[in-house]
Amino acid sequence: MAGIKELKFAIIGSGMAGLSTALSLATNGFKNIAVYEMAVDLGFFGAGIQIAPNMARLLDRLGVWRDIEAEAVELTESSIRQGSTDHELAHVNTSTIRDTYGYPHMVGHRASLVSALYNRCRQESSISFHFSSTISRVLSWGPKPKIEVEDAFGKSHEHEVDVVLACDGIKSVVRAEMLDTLKVTAEVEDTGQAAYRIMLTRDKLQHDPELLQLVDGQCATRWVGDGRLIVAYPISDNNIYNIVTIQPDTHFSEAPSAAYTTRGSKVQMLRVFSDFCPRARRLLQTVSDDTVCEWKLRVHSALPTWTHEQIALVGDACHPTLPHLGQGAAQAMEDACVLGFVLSMMPDTSPHTIGKFLKVYENLRRERTHRLAGLAFAAGQSLLLGEGQEKDERDKIFAASKDGRKVGPFPDRWADADIQKMIYGFDCLTDAYHKYQDILNALD
Ligand SMILES: Cc1cc2nc3c(=O)[nH]c(=O)nc-3n(C[C@H](O)[C@H](O)[C@H](O)COP(=O)(O)OP(=O)(O)OC[C@H]3O[C@@H](n4cnc5c(N)ncnc54)[C@H](O)[C@@H]3O)c2cc1C
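What you see is a predicted model; the values in this text were computed from it and never measured.

Undergrad: Tell me about unusual backbone geometry, and please be specific about residues and values.
TA: The linkage connecting G142 with the following residue, P143, adopts the cis geometry, with an omega of -5°. Among the secondary structure elements, P143 is positioned in the loop between β9 (134–140) and β10 (146–150). At K183, a residue that is not glycine, the phi angle is positive and equals roughly 55°. With respect to the helices and strands, K183 occurs in the loop between α6 (173–182) and β13 (188–201). Despite not being glycine, D237 shows a phi value in the positive range, around 55°. You can see D237 is positioned in the loop between β15 (228–235) and β16 (240–248).

Undergrad: Describe in detail the site of the ligand, supporting the description with residues and values.
TA: Close contacts around the ligand come from 35 residues, with G13, G15, G169, G315 and G328 the closest. Here the residues of the shell around the ligand are counted per class, giving 18 nonpolar, 13 polar and four charged.

Undergrad: Give me the lowdown on the pairing of strand β14 (residues 219–225), citing residues and values where you can.
TA: When a strand is regular, its side chains alternate between the sheet's two faces. Burial analysis of β14 places six of its seven residues in the buried class, the great majority of the element. Both β14 and β15 contribute to a ladder of five bridges, which runs antiparallel. Counterpart to G225 in the pairing with β15 is R228. In textbook terms, the turn of a hairpin is the stretch between consecutive antiparallel strands, and for β14 and β15 this stretch comprises two residues, one of which, G227, has a positive phi near 70°.

Undergrad: Requested: an account of the environment of M269, with residues and values cited.
TA: Topologically, M269 is positioned in helix α9 (residues 266–272). Separated by 20 residues in sequence, M269 and D249 place their C-alpha atoms 11 Å apart. Look past the residues within four positions of M269 in its chain and what remains in contact with it is Y196, G264, L284 and V292.

About the criteria used
- Residues numbered from 1 in each chain as written.
- Predicted model: local features only at pLDDT ≥ 70, side-chain atom pairs only at ≥ 80, totals over all residues.
- Helix = DSSP H or I, 4+ residues; strand = E, 2+ residues; numbered from the N terminus.
- Near = placed C-beta within 6 Å.
- Nonpolar A, V, L, I, M, F, W, Y, C, P; charged D, E, K, R; others polar.
- Buried ≥ 20, exposed ≤ 12 C-beta atoms within 10 Å, placed from the backbone.
- Pairing = 2+ DSSP bridges.
- Contact = placed C-beta atoms within 7 Å.

In C-alpha cells form, the structure reads like this:
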C-alpha cells in the first residue's frame, strides 16, 4: 500500500491560506499537491498587511521569514487619535514585542508576503500550480473526493484526489456546497462597513514634512471617529505609506451577495472623512483618483462544520475575520501549519483516517479562530463609537493609559497587552502537538 506521503491533494485557491497550506504539506513530506486558482496569477496584491509575531513565527518555519523581514517595517509604537482633532487619545509602546514573543510585530507589503510564499512553493517539486482554473462544483465529497475544474477556455475537467482543502476565501464555493449538502446554514452577515485600501509612495509625501514624518516612522496611527476609522502605517522599507479606512457601506448594500470589491471614488472618500483633521485629510487628498479600492466587509456566522468526508475548509472560507485585529491571514496560516502537522501524523491512507484527521484539525482550530473573529468585531465596535456615554468611558480608559493606569480593558484590543499575549504568545504547532492525540481519542 502506498504511504501517506503519496496522497493526492487538491488545494483550491492560492491566497494566503492556499499558499501556506501547500507549503506546509510539502514541508511535512507530502509529494502530490496541486493548487487550483481561478485568477490568471496570484491576484490582489495592492495593500499592506500586519505581520504579527504569531504569523512571523510560522513564516520562519515555512522558510520565508528572512526575505519578508528584510523589507517589512517593525512597529515600535501605536498612536490612537481623535479623528476630528488629531488629539492623541492613547499611545502604546510596542517595541518590547520582539523580546517578549521572539518575533517583532511588523507591517509589510502583501506582494512581498505572497511572492515569498509562492517562490518558496516553486522550489518544491511536490507542488504544482494551475492558474485560470476555477472549481465550479464538488462532484463527490469522498471516499475519493472529486472536483470539477473549469479552465481558461471554459472547458470542464474532473479531478479525483484523496483530500481537497478548500482555501477559496470568504466567497467559498465549497463552503456553500458543503452547507447545502449537509442541509445546514451559516448566514453571511453584513457588517454595514466597507474599507478603502490605499498605498501612498514616498514621493507623493515629499512636499509635506508632517506626512513625510509618518512614512519615516515606525508607528501605526489610528484616527477614530463616529462610525469611521483610518488606520495607517509605513511599509516596504518606509517607502510606502499604507492606509486602510473603515466607513459605513453605501455602495455594496445595493449588491448584497455578489460584489466584495470595487473601484472606489476619491471624491466620495474625501466626503466621508471631511470632518477629520487636516493631517488625515491631506493624506487622503494625496491619493491618485484611480487608485482607490473599496472592499465590502462581510463575515458569516459560525459554521456547524468545517469538514465533510475528505474535504476541509481553510482560512477565510471557514472563519472570515474583520481587519481590526490584523489577524485574518495570520489565522489562515495557523490553519495551514496545523493541517500539515496533523495530516502527517496519520497512521494510514484510508478515507476514514483522512476524514478523522481533518476533524482533528477542525477541533484544534475552531475555538481560537472564532474567539479572534469575535474580538476583531468587538475591536471595531469600540473604535467606531459616536458621541455618548460609551465613547466617554472608552476615552477615559485611553486617557488613564497615558499615565500608565489601567482602569478597564484597553479599548483598542489590537494594542491590549493581554490580548497580544493570547494572540502572539500562542504557538499553534506546539498546541497541536500537545493536543491532537487527546482530540483523536475523543473522536474514536
Ligand atoms: C481591508 C482588509 C484589511 C486586512 N488586513 C489584514 C492584516 O493586516 N493582517 C491579516 O492577517 N489579515 C488582514 N486581512 C484579512 C486577510 O486579508 C484575509 O483573512 C486573508 O487574505 C484570507 O486568505 P484566504 O487565502 O483564506 O482567502 P483569499 O485571500 O480570499 O484567497 C482565496 C483565493 O481563492 C481563489 N478562489 C476563490 N474561489 C475559487 C474557485 N472556485 N476556484 C479556484 N480558485 C478560487 C481566489 O481567487 C483567491 O485567490 C484584511 C482584510 C481586509 C478586507
